[in-house]
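# A closer look at the structure
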Amino acid sequence: MSQKPVVLIAEELSPATVDALGPDFEIRHCNGADRAELLPAIADVDAILIRSATKVDAEAIAAARKLRVVARAGVGLDNVDVAAATKAGVMVVNAPTSNIVTAAELACGLLIATARNIAPANAALKNGEWKRNKYTGVELSEKTLGVVGLGRIGVLVAQRMSAFGMNVVAYDPYVQPARAAQMGVKLLTLDELLEQSDFITVHLPKTPETLGLIGDEALHKVKPSVRIVNAARGGIVDEEALASALKEGRVAGAGLDVFSKEPCTDSPLFQFDNVVATPHLGASTDEAQEKAGIAVAKSVRLALAGELVPDAVNVQGGVIAEDVKPALPLAEKLGRIFTALAGEVAARLDVEVYGEVTQHDVKILELSALKGVFEDVVAETVSYVNAPLFAQERGVEVRLTTSSESPNHRNVVTVRGTLADGTAVAVSGTLAGPKHLQKIVAVDDNDVDLALADHMAFLRYTDRPGVVGTIGRILGEVGVNIAGMQVARSTAGGDALVALTVDSTIPAGVLTDIAGEIGATSARAVNLTD
């Protein structure tokens, strides 16, 4: 049996996809569109790579006992049950930027084709008919283009069609007018856009709110000369309402690449010469397929290694700022140290982030700390997806606290927890210098200054002479070298903490011997390489 993680490629992908995966995986193939073939094939795989034809629903996820990643080589996730995947701790990733240029170019192509009757004129000429007068079109210059959805693709379309001399307006409630103005786009309400536009192009995600957005009511508000393009998602433009509007002369033409049910080979819309239709070609270029395959292959490698995947759609935290990324491994290690110090799962967990980094979204640091907290608690592999599920299952209340104020350090991350008996445990860390050296700066109320290491130990005892020497002697006798040590105390002869880093794992029995000789009330070892 292969010891390599198994990756199932369920649809035809660019050869560059396999190259990007590299030699560390066992690659299998199946026809994901064939349900009878998919369900047994997915049973023992670690990851599945799909396009749009494979349906990874709750049934498929339940059949996949080892599945950790669903990777969609493209943008849309209509064929993936993201909620079921999240519940099962399965990461869902896509390639959100792989086809934005390709999709924008197709939308522009459909728009031009509808304006100049390219498709019917081409068909007529190839059928032996020369009909110049019948296929007279309209210019784009000085016409108004209404962009419904000013996201990444919508922006690219707006930029490209502006070069044709079009006046671009847009509807997007999530874009600020100042941001639109920077792009030379005027924001309108949807009704205003419908009334003013000579061409309308749709670039929205498919949600309950957008389904049927351009429907019968909307199509009674447009100019009769309007031409409508949908290269986003089927169903946003109501196809039945559009067919009625075309039949009644309330819409002059349409360019469609997507349909409410696909594959679609029979639609009332196909009877109209002024409708240009393509079979969902938005991502169908060699360049886009290669970009998508490489992107999700890289995501699979990260996910199966337990690392953060920026393109994961069911991981909380959003886009990660560059200033936040160096703190991710720090937060995770602090979580592991917290668990070692606590010796149990906390009833409540607070992740506190202080300093300049809080000008960015730091939600991902909470998730990273949570991943570390459960790393040595559960038998399963802990990921950014299922870490919150482990907390939920164990009734752990998790909170994130942020503040721009950090008196002693530029930035500080603290993992603080309250145990079942009310005991509080906390560990704080920071990143120092241009190389982002990871350091512990506090344990509970004790200030320390110690570089993080793979092997560490923390002992609590009553302060008295000779303790440091005893620790050094016992470790020396078993060949464990001390790399660094910090002693913190509130008062002479009071409670004290020794934190030390060593070059190798301290055997459990040795730590027990140290604790016995110095009268430690607590002795905990942390091994971050395990």
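Going by the structure above, here's the rest.
What comes next is a walk through the structure. Everything quoted here is computed from the prediction, not taken from an experiment.

Turning next to the side chain of Thr114. By secondary structure assignment, the location of Thr114 is in helix 5 (residues 100-116). Of the polar contacts made by the side chain of Thr114, one reaches the backbone oxygen of Leu111; its length is 2.8 Å. The contacts of Thr114, once residues within four sequence positions are left out, are Phe199, Arg227, Ala254, Gly255 and Val276.

Turning to the pattern of salt bridges, a few remarks are in order. One pass over the structure, following the stated rule, counts 27 salt bridges. Here Lys134 ties to Asp273 by a salt bridge, and the two come within 3.9 Å at their closest N and O atoms. With a gap of 139 residues between them, Lys134 in the loop between helix 6 (118-126) and strand 6 (144-148) and Asp273 in the loop between strand 11 (253-256) and strand 12 (275-277) connect regions that are remote in the sequence. For Asp273, a relative accessible area of 43% corresponds to the partly exposed category. Via salt bridges that share partners, Glu26, Arg28 and Asp44 belong to a single interconnected network.

What follows concerns the packing of helix 16 (residues 467-477) against helix 17 (residues 508-518). At a minimum axis separation of 10 Å, helix 16 and helix 17 run at an interaxial angle of 155°. By the angle class used here, helix 16 and helix 17 are roughly antiparallel. As helix 16 packs across helix 17, the resulting crossing turns out to be right-handed. Contacts between helix 16 and helix 17 involve Val467, Thr470, Ile471, Arg473, Ile474 and Leu475 from the first element and Val510, Asp513, Ile514, Glu517 and Ile518 from the second. Residues belonging to the contact of helix 16 with helix 17 are distributed by class as follows: seven nonpolar, one polar and three charged.

This paragraph deals with unusual backbone geometry. Following Glu262, the chain continues into Pro263 via a peptide bond in cis, with omega recorded as 0°. Among the structural elements, Pro263 can be located in the loop between strand 11 and strand 12. In this model, His436 sits at a positive phi of 55°, which is unusual for a non-glycine residue. If you trace the backbone, His436 turns up in the loop between strand 16 (424-432) and strand 17 (437-443). Unlike most non-glycine residues, Asp444 shows phi in positive territory, near 55°. Relative to the assigned elements, Asp444 resides in the loop between strand 17 and strand 18 (446-451). On the basis of relative accessibility, which here comes to 24%, the residue Asp444 falls in the partly exposed class.

Looking now at a negative patch on the surface. Among the surface-exposed residues, Asp19, Glu105, Asp286, Glu287 and Glu290 lie close enough to one another that they form a single negatively charged patch. Sort the elements by how many residues they give to the negative patch and helix 12 (residues 286-304) lands first, with three residues. Topologically, Asp19 is positioned in helix 1 (residues 15-21).

Contact pair helix 13 (residues 327-342) / helix 14 (residues 363-375): the axes reach a minimum separation of 7 Å and the direction vectors enclose 40°. Crossing of helix 13 over helix 14 shows right-handed handedness. Here helix 13 contributes Ala327, Leu328, Ala331, Glu332, Gly335, Arg336, Phe338 and Thr339 to the contact with helix 14, which in turn contributes Ile364, Leu365, Ser368, Ala369, Lys371, Gly372, Val373 and Glu375. Tallied by class, residues from the contact of helix 13 with helix 14 come to eight nonpolar, four polar and four charged.

Under the criterion given, the structure shown has two aromatic pairs. Relative to Phe270, the ring of Phe259 has its centre 5.8 Å away and its plane inclined at 85°; by these criteria the two rings are edge-to-face. Of this pair, Phe259 sits in the loop between strand 11 and strand 12 while Phe270 sits in the loop between strand 11 and strand 12, and the two are 11 residues apart along the sequence. Given a relative accessible area of 7%, Phe259 falls into the buried group. Centroid distance Phe374 to Phe390: 6.2 Å. Interplanar angle 40°. Geometry classified as tilted. Taken together, the residues span a long stretch of sequence, with Phe374 in helix 14 and Phe390 in helix 15 (residues 387-393) at a distance of 16 residues. According to the relative accessible area criterion, Phe390 is buried, its value standing at 5%.

Moving on, we get to the sheet that holds strand 18. One open sheet holds the six strands; their spatial order is 14-13-15-16-17-18, and the pairing between them is mixed. The strands lining the two open edges of the sheet, one partner per strand, are strand 14 (397-403) and strand 18. Between one strand axis and the next, the sheet turns by 20° as a mean value, whatever way the strands run. Sheet topology places strand 16 next to strand 17; six bridges connect them, and they run antiparallel. The residue of strand 17 that forms the bridge with Gly429 is Ile440. Helix 13 contacts strand 13 (348-355), strand 15 (411-418), strand 16 and strand 17 of the sheet and is inclined by roughly 155° relative to strand 16. Its contacts with the sheet put helix 14 on strand 13, strand 14 and strand 15, and the angle it makes with strand 13 is roughly 135°.

Reading the values: rules and limits
Residues numbered from 1 in each chain as written. Predicted model: local features only at pLDDT ≥ 70, side-chain atom pairs only at ≥ 80, totals over all residues. Heavy atoms only, no water. Helix = DSSP H or I, 4+ residues; strand = E, 2+ residues; numbered from the N terminus. Polar contact = N/O pair within 3.5 Å; in protein donor to acceptor, adjacent residues only side chain to side chain. Contact = heavy atoms within 4.5 Å. Salt bridge = Lys/Arg side-chain N within 4 Å of Asp/Glu carboxyl O. Buried < 20%, exposed > 50% of the residue type's maximum accessible area, 1.4 Å probe, protein only. Axes fitted to C-alpha atoms, helices over the stretch in contact; angles between N-to-C directions. Parallel < 35°, antiparallel > 145°, perpendicular 65-115°, else oblique. Left-handed = near helix turned anticlockwise from the far one by under 90°. Nonpolar A, V, L, I, M, F, W, Y, C, P; charged D, E, K, R; others polar. Patch = residues over 30% accessible without salt bridge, like charges linked within 9 Å, V, L, I, M, F, W, Y side chains within 5 Å. Areas by Shrake-Rupley, 256 points an atom, 1.4 Å probe, with all protein chains shown as cover. Lys, Arg positive; Asp, Glu negative; His and termini not counted. Charge placed at Lys NZ, Arg CZ, Asp CG, Glu CD. Phe/Tyr/Trp six-rings, centres within 6.5 Å; stacked < 30°, edge-to-face > 60°. Pairing = 2+ DSSP bridges.

Without other data, these values stay purely geometric and don't point to any function.
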